[in-house]
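# Overview (structure and organization)
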Amino acid sequence: MTDADLVAERAADHPDRADALFLAALLVTQAPGSRREPAVRRHARVLLDAATALPMTNAPAGCRN
């Protein structure tokens, strides 16, 4: 994907959506070695941090403890 970093950035805007987390994980696995890898990983990290910081009632099922 040529714009994986931009897609990851948009996904990071939706930490309450499980599909955004899934998309970010998919992008991280597809980006290794590309010039966009650092940006994809950065946006995925922001998304994961935001998702785990959500109150349990708003967090996606995969982020609930």
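All values derive from a computational prediction rather than experimental measurement. (Residues numbered from 1 in each chain as written. Predicted model: local features only at pLDDT ≥ 70, side-chain atom pairs only at ≥ 80, totals over all residues. Heavy atoms only, no water.)

### What to know about the side chain of Arg-36
The line we're drawing: Each helix is a run of H or I in the DSSP string that is no shorter than four residues. Each strand is a run of E no shorter than two, and both are numbered from the N terminus. Using a 1.4 Å probe on the protein chains alone, a residue whose accessible area is under 20% of its type maximum counts as buried, one over 50% counts as exposed, and one in between counts as partly exposed.
By secondary structure assignment, the location of Arg-36 is in the loop between helix H2 (18-30) and helix H3 (37-53). Under the relative-accessibility criterion, Arg-36 is labelled buried at 18%.

### Let's talk about the confidence of the model for the protein chain
Basically, it comes down to this: What pLDDT expresses is the predictor's confidence in each residue, scored from 0 to 100.
Mean pLDDT over the protein chain stands at 86; residues scoring 70 or higher make up 88%. The secondary structure element of the protein chain with the lowest average pLDDT is H2, at 92, and the one with the highest is helix H1 (residues 4-11), at 94.

### Some details on the pattern of salt bridges
Note the following rule: Salt bridges, as used here, are contacts in which a Lys or Arg side-chain nitrogen is within 4 Å of a carboxyl oxygen on Asp or Glu.
A complete count under the given rule lists 5 salt bridges for this structure. Measuring nitrogen to oxygen at the nearest pair gives 3.8 Å for the salt bridge that ties Arg-36 to Asp-3. Placement of Arg-36 in the loop between H2 and H3 and of Asp-3 in the segment before H1 is noted, with a sequence separation of 33 residues between them. Here Asp-3 falls in the partly exposed class, since its relative accessible area comes to 35%. Asp-5 is the salt-bridge partner of Arg-36, the closest N and O atoms lying 2.8 Å from each other. Placement of the pair is Arg-36 in the loop between H2 and H3 and Asp-5 in helix H1, with a sequence separation of 31 residues. We note that Arg-36, like Asp-5, is buried. Among the charged side chains, a network of salt bridges with common partners joins Asp-3, Asp-5 and Arg-36.

### Comments concerning H1
For clarity, the threshold we go by: The arc in question is traced by the directions running from the helix axis to the C-beta atoms. Any two residues whose heavy atoms approach within 4.5 Å are treated as being in contact.
Considered for burial, the residues of H1 that qualify are Ala-4, Asp-5, Ala-8 and Ala-11. Along H1, the residues classed as buried sweep out an arc of 120° about the axis, all on the same side. The inward-facing, buried residues of H1 contact H2 and H3.

### Some words on the environment of Thr-57
Structurally, Thr-57 can be placed in the segment after H3. The exposure class of Thr-57 is exposed, given its relative accessible area of 68%. Separated by 41 residues in sequence, Thr-57 and Asp-16 place their C-alpha atoms 9.8 Å apart.

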